[in-house]
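A closer look at the structure
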Amino acid sequence: MKDVSVIIVSYNVRYYLEQCLLSVIQASEGLDVEILVADNDSPDDSVGYLEPLFPSVRFLRTGGNLGFSKANNLALKQSVGRYVLFLNPDTIISGSMLRDCVDFMDSHPKAGGAGVMMLNADGSFALESRRSVPTPFVSFCKMSGLGNLFPKSRLFGRYYMDYLDRERASRIEVISGAAMFVRREALNQTGGFDEDFFMYGEDVDLSYRILKAGWENWYIPTRMLHYKGESTNKTSYRYAQVFYDAMLIFFRKHFSNLSGFFAAVVKSVIFVKKISTYLANNVLYRNASTEVSDNVLANCVLFDASCTTYSQMLDVMSSEKDGRKIAIYYPNKELLITDRLVRQPHKLTTK
């Protein structure tokens, strides 16, 4: 049995996936790791491009866009690791992350799953690193804005649990699907992801079922970077529709026994959120330009991947507090990757 099975579901982000795979391979040193990529029929020929570059990676062609849950479950059935890391393709993990997670889980036998410290593209802490189960009250506080007003409150700010120390391991409830490290026994007991969820919400549902099965979920302060859905426009109405519909699926599945009045309040807030996002996307931003400025590097920290490890990059980004974002240049391919674009610049030089 392998130490870790890393499962990545990918759709149309071949350069981000390539970067993710490079970071996973760097982090695999000293461990017995298998990497499986479930490609949801990417139109950018991700598999054709990446398969020759990564002969040790197993690429699974799903034959269509199955969504997050089904594609992960497909790969899960073919994996053999005693731990499974479900990882987004638009991520970079530190060189110590896999070892840190394995060591922690080995020393905490009641831990069914673990999340890690996720950094945004500017090196800031991603609040999604730690979350609570979105009970009706927690969801209401989040969507009504009470959580934003009192982020450190254990009552109103419970959704993101930002009252916990970011530098210490701590018990949490929901693990982000961007990097979900799960014990094989917990997956066998819970059955993996619920395929009623196409995209979004499935991580919340699985985390909750792990807890209900008697396991613990933990946050481990080992770092990774998450570009946060490069292939998804989170201001779009489609994103809002899929996201809030997923919340309704979760709510009906786990809290259908609550009072009709309380259920109606939460559902009304979700409906208002969907409508407001639709209006913003179709009225306020109708004429917004999508062109990227040629001066894109003006607000970036530029790294040369040929002489800098991903751990070194994350160390620098986590220490920077000036709002600049990460940009990584691969000289051998003349490839530049930021949180907003992938391009092959002409004669780009680095110092």
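Small disclaimer: the values here were computed from a predicted structure and weren't measured. (Residues numbered from 1 in each chain as written. Predicted model: local features only at pLDDT ≥ 70, side-chain atom pairs only at ≥ 80, totals over all residues. Heavy atoms only, no water.)

Description of the packing of aromatic side chains
Applied cut-off: Two rings from Phe, Tyr or Trp (for Trp, the six-membered ring) form a pair when their centres sit within 6.5 Å of each other. Planes less than 30 degrees apart are called stacked, planes more than 60 degrees apart edge-to-face, and all others tilted. For the purposes of this entry, the term helix denotes a DSSP run of H or I that reaches at least four residues, the term strand denotes a run of E that reaches at least two, and both are numbered from the N terminus. Working definition: with a 1.4 Å probe on protein chains only, accessible area under 20% of the residue-type maximum means buried, over 50% means exposed, and in between means partly exposed. We call a charge positioned above a ring when the Lys NZ or Arg CZ atom is no farther than 6 Å from the ring centre and deviates by at most 35 degrees from the ring normal.
Enumeration according to the criterion identifies nine aromatic pairs in this entry. Look at F86 and F193: their rings are 4.9 Å apart centre to centre, the planes differ by 70 degrees, and that puts the pair in the edge-to-face class. One end of the pair, F86, is in strand β4 (residues 81-87); the other, F193, is in the loop between α7 (184-190) and α8 (202-212), with 107 residues separating them in the sequence. Each member of the pair, F86 as well as F193, carries the same accessibility label: buried. Ring centres of Y159 and Y160 lie 4.8 Å apart, and the angle between their planes is 85 degrees; this geometry places the pair in the edge-to-face category. Ring-pair connections join several aromatic residues into one group, and the members of that group are F68, F86 and F193. Above the face of the Y219 ring, R130 is positioned so that its terminal group lies 5.1 Å from the ring centre. Taking NZ or CZ as reference, K142 lies 5.2 Å from the ring centre of Y159, over its face.

Overview of the sheet that holds strand β11 (residues 325-330)
Working definition: the strands of a sheet are paired by backbone hydrogen bonds and lie parallel or antiparallel to each other. We apply this condition: Whether two strands pair comes down to DSSP finding at least two bridges between them. Contacts: residue pairs with any heavy atoms within 4.5 Å of one another. Axes here mean lines fitted to C-alpha atoms, for a helix over just the part in contact, with angles spanning 0 to 180 degrees between N-to-C directions.
Strand order in this open sheet of four strands is β10-β11-β12-β13, and the pairing throughout is mixed. This sheet does not close on itself; its edge strands, each paired only once, are β10 (300-304) and β13 (342-343). Sheet topology note: the β10/β11 ladder contains five bridges and is parallel. In the strand pairing of β11, L302 is matched with A327. Here helix α1 (residues 14-27) sits on the sheet and contacts β11, β12 (335-337) and β13; the angle it forms with β12, its principal contact strand, is near 85 degrees.

As for helix α5 (residues 136-144)
Among the residues making up α5, those that are buried are P136, V138, S139, C141 and M143. G145 lies just past α5 and shows a positive phi near 100 degrees.

What to know about the side chain of S69
Cut-off, in case you're wondering: Identification of polar contacts relies on pairs of N or O atoms within 3.5 Å, with a donor-acceptor requirement for protein atoms, meaning one able to donate a hydrogen and the other able to accept it, and with residues adjacent in sequence counted only if both atoms are side-chain atoms.
Looking at the element boundaries, S69 is found in helix α3 (residues 68-76). At 3.2 Å, the side chain of S69 forms a polar contact with the backbone oxygen of D194.

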